[in-house]
Amino acid sequence: MSEASHSPLTALLRHRLAWPLLTLVLLLVVNTVFNASFLHIEWRDGHLYGSLIDILNRAAPLVLVSLGMTMVIATRGIDISVGAVVAIAAAVAAWMIGGSVSGSVSRFPMPLAILAALGVALLCGLWNGLLVARVGMQPIIATLILMVAGRGIAQLVTDGQIITIYYAPFFFLGGGYLLGLPFSLFIAAAVFGALYLAVTRTALGLFVQAVGINPTAARVAGVQARRLIIAAYAFCGLCAGIAGLLISSNVKSADGNNAGQLLELDAILAVTLGGTALTGGRFSLVGSVIGALIIQTLTYAIYSLGVPPEINLVVKAVVVFVVMMLQSPEFRAQVGTWVRRPAARERLS
Amino acid sequence: MNTTVTKPVAATVPTHAAPALPGSRFNPKYLPLAATISLFVAMATMGSVLYSGFFSAQVFLNLLIDNAFLIIVAVGMTFVIISGGIDLSVGSVIALTTMVSAALVEHRGWSPAVVIPLVLLMGAAFGAFMGFLIERFRLQPFIVTLAGMFLARGLCYLISVDSISMTNEFYSELSQWRVSLWEGASLSVGAVIAIAVLLAAVFIAHCTSFGRTVYAIGGSEQSALLMGLPVRATLVGVYTLSGFCSALAGVVFTFYMLSGYGLHAVGMELDAIAAVVIGGTLLTGGVGYVAGTLFGVLMLGIIQTLISFDGTLSSWWTRIVVGALLFVFCLLQRLLTSHRDKSS
């Protein structure tokens, strides 16, 4: 089979982003069919208003965490502590801003609170990275430690309470609008843009792939694999920290026990949906963004179709099973024999 | 705490230097287990010295009673981890078991004699399904059981979003039933089941071909295959066993809580993995003891007991201490395996 024999359509379908995009479009179509005003966007109260904007705003934290997770998975790792890091960052920010009811007073200046929260998140990521790259633990176990201890630390910061935030300027992060669009969208876009440039315009992307495909070979070839892995986990922690700020700002509180619950699973799901192999190496940032949008659109569809939201988990489980099977070479081979066998039988008769 | 951890390390230094000598009394592979047991004894001693009323038989039996379901789950998890895999679905399967039991007994009026075998079968089938996917399509156990975790939790909510309380006489009587061992000390039915499971698991792990195959797969799946061991059937069997253990733990959990709820046992998989690791099972597979898992669970239990006896420490310290312990034991494992790699 030569390349020329492919029609443009098959070539398009072969593109690695084709399936995630198709899924997203399909979900949007389903939403539009059941809810005619789904695609409708209008200008209200000085900003854009509509279902699509809502999905984008709510997807922003997941997009950020998925971006960090993509880099970690690309280096053959996994980070299951992101949910706990989200809780820690939210708790630190909420504690530093304080629970003063007046709405205009903050315990520490807000930029300091944000920096502190991000700094703590970065430290969490560094800790994971050091355990994986220096100590040599399996990534799932190294991050399991922080996953278990992290929620305890977050509750320690919030003193076991749900801290309600009354400081109005902080709400801008996760609930404010800039140029008619949610501000969280700009944050997610900025992180994505910076990461995309770093990965495509410098050798960073190549190095990360090299480490993911064969760490030993990469090290022998002169790639500083350890530093790269530590940086990937640190970046993932930082992303989780930003997501924690967005989430706590959006819900105007910090809950050490429940903030970011199951977020690690959603992020891993988003990354897999986007076509990044869990075995490391090849990764797609755009794919992960699309994956995160798929999850959020799916959630929205389940709510808007009037299906009990509890079904969400079952649907996600089925999606993970299907994606997993499609990624498995053994399964493809099996399906191949199912498809080929009847054809062979016809030829014989 | 530090002194108790470092003591066994110092004691084994000579064996590190000459592992092949016939006179070496202490095999370093027992080190994590020895560390766990001495740490447990140290904590128990500390509690007995610090708090009056701590040193009583019932306090220690309560460790078994309050953690009966965790022991059962962790035993199943031990087999999975020894085989080199992981099972994240156990907590959700417990929740699903309590939910199905409660719905069938309370809403449908089925007899517990039918419901209990049914839920056990369901748990085993659920585990077998995941094991089949992992084995047949070479999928990562982590992702498959993650999807299983979503699925089981979601199925709970499909049955009911709210908690269903158990009013059935059989369940309420069994939950009150106690085996009195001696004056003032007794065990619940859950603890008795847990001990039975533990004994059965020790037998399976060390005295059956299934158990030895599990160890062989964990050591090296390729070698096990070349040796002609039934690798595929055993892998499916390991996850079936874990599913069955989770369902059994779910039944015990139902006796303990007397309700079915989709939010039961959230995060139980983490506790089970932590108990297995603290019990000295290597996460890379191939090395580990079911008896160690018992001490892992007891360790988690005694931390909680100490914190509740203290009264001034808040409950979240449990998580932080468990995380710290997990870190110490992973580090210890890492040192051990790097030593083994160098010597081989």
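Residues numbered from 1 in each chain as written. Chains lettered and ligands numbered in written order. Predicted model: local features only at pLDDT ≥ 70, side-chain atom pairs only at ≥ 80, totals over all residues.

Time to look at the overall build of chain B. The number of helices and strands found in chain B is 15 helices and four strands. Among the 344 residues that make up chain B, the fraction classed as buried is 50%. In chain B, the share of contacts with a sequence separation of at least 24, taken over all contacts with a separation of at least 6, comes to 77%. (Helix = DSSP H or I, 4+ residues; strand = E, 2+ residues; numbered from the N terminus. Buried ≥ 20, exposed ≤ 12 C-beta atoms within 10 Å, placed from the backbone. Contact = placed C-beta atoms within 7 Å.)

On to the overall build of chain A. Assigned secondary structure in chain A consists of 15 helices and six strands. Here the C-alpha atoms of chain A give a radius of gyration of 22 Å, agreeing with the 20 Å that 2.2 N^0.38 yields for 349 residues. For chain A, the spread of C-alpha atoms along the three principal axes comes to 85 × 55 × 35 Å. The buried share among the 349 residues of chain A stands at 46%. (Rg over C-alpha atoms; globule rule 2.2 N^0.38 Å.)

Listed by partner, the interface residues are 32 residues for chain A and 35 residues for chain B. Looking at the side of chain A that touches chain B, the elements with two or more residues in it are α6 (139–158), α14 (311–327) and α15 (329–348) of chain A. Looking at which element gives the most residues to the side of chain A that touches chain B, the answer is α6 of chain A, with 12 residues. Class assignment of the residues belonging to the side of chain A that touches chain B gives a composition of 22 nonpolar, six polar and four charged. (Nonpolar A, V, L, I, M, F, W, Y, C, P; charged D, E, K, R; others polar.)

With that out of the way, let us pick up the environment of Met96 of chain A. Mapped onto the fold, Met96 of chain A is located in helix α4 (residues 82–97). Ignoring sequence-local partners within four residues, the contact set of Met96 of chain A consists of Arg107, Phe108, Leu112, Ala113 and Ala116 of chain A.

Residues and elements named next belong to chain B. Interhelical geometry of helix α4 (residues 68–82) versus helix α9 (residues 189–207) gives an angle of 20 degrees and a closest axis separation of 8 Å. Between α4 and α9, the angle is such that the two are roughly parallel. Every pair of crossing elements has a handedness; the one defined by α4 and α9 is left-handed. Across from Ala68, Phe69, Ile71, Ile72 and Val75 in α4, the residues of α9 making contact are Gly190, Ala191, Ile193, Ala194, Val197, Leu198 and Ala201. When its residues are assigned to classes, the contact of α4 with α9 shows 11 nonpolar, one polar and no charged. (Axes fitted to C-alpha atoms, helices over the stretch in contact; angles between N-to-C directions. Parallel < 35°, antiparallel > 145°, perpendicular 65-115°, else oblique. Left-handed = near helix turned anticlockwise from the far one by under 90°.)

Residues and elements named next belong to chain A. Here helix α5 (residues 110–135) crosses α6 at 145 degrees, and the two axes come no closer than 9 Å. Read as a crossing pair, α5 and α6 show a hand that is right-handed. Taking contact as the criterion, the partners of Cys124, Trp127, Asn128, Leu131 and Val132 in α5 are, on α6, Pro139, Ala142, Thr143 and Leu146. The residue inventory of the contact of α5 with α6, partitioned by class, reads seven nonpolar, two polar and no charged.

For the rest of this paragraph, the subject is unusual backbone geometry. Peptide bonds are trans in most cases, and residues, glycine excluded, mostly fall at negative phi. For Arg76 of chain A, which is not a glycine, the phi torsion comes out positive at approximately 75 degrees. Mapped onto the elements of the fold, Arg76 of chain A is located in the loop between α3 (51–74) and α4. Here Arg76 of chain A falls in the buried class, since 20 other C-beta atoms lie within 10 Å of it. Its identity as a non-glycine residue notwithstanding, Arg138 of chain B has a phi of 50 degrees, on the positive side. Secondary-structure assignment places Arg138 of chain B in the loop between α6 (112–136) and α7 (141–159).

So, about the nonpolar core. Of all hydrophobic cores here, the largest spans 222 residues; its most connected members are Ile88 and Ala89 of chain A together with Ile72, Val73 and Leu326 of chain B. The element best represented in this core is helix α11 (residues 225–251) of chain A, accounting for 17 residues. Filtering out sequence-adjacent residues up to four positions away, Val73 of chain B remains in contact with Val90, Ile94, Cys245, Ser246, Ala249, Met268 and Ala272 of chain B. (Core = buried A, V, L, I, M, F, W, Y, C linked by C-beta atoms within 7 Å.)

A few words on the confidence of the model for chain A. For chain A, the average pLDDT comes to 80, and 90% of its residues sit at 70 or higher. In the model, residues 1–5 of chain A has pLDDT below 50 throughout and makes zero contacts with residues more than four positions away in sequence or in other chains. (pLDDT = per-residue confidence, 0-100.)

This part takes up helix α12 (residues 231–257) of chain B. All names here are of chain B. Relative to the 39 Å expected for 27 residues at 1.5 Å per residue, α12 spans 38 Å between its end C-alpha atoms, a close match to the ideal helical length. Most of α12 sits inside the fold, with 23 of its 27 residues counted as buried. Following α12 by one or two positions, Leu258 adopts a phi angle in the positive range, close to 55 degrees. (Expected span 1.5 Å × (residues − 1).)

All names here are of chain B. For chain B, per-residue confidence averages 83 on the pLDDT scale, and residues scoring 70 or more make up 90% of the total. Confidence, expressed as mean pLDDT per element, reaches its minimum in chain B at helix α1 (residues 2–17) with 40 and its maximum at α4 with 93. Low pLDDT, under 50, characterises residues 1–23; the stretch is placed with 23 contacts to residues that sit more than four places away or in other chains. Here the predicted complex carries an ipTM of 0.74, next to a pTM of 0.81.

Attention now moves to the environment of Trp177 of chain B. All names here are of chain B. Looking at the element boundaries, Trp177 is found in the loop between α8 (169–176) and β2 (178–182). Classification of Trp177 by C-beta neighbours within 10 Å gives partly exposed; the count is 14. Between the C-alpha atoms of Trp177 and Ala68, which are 109 residues apart in sequence, the distance is 15 Å.

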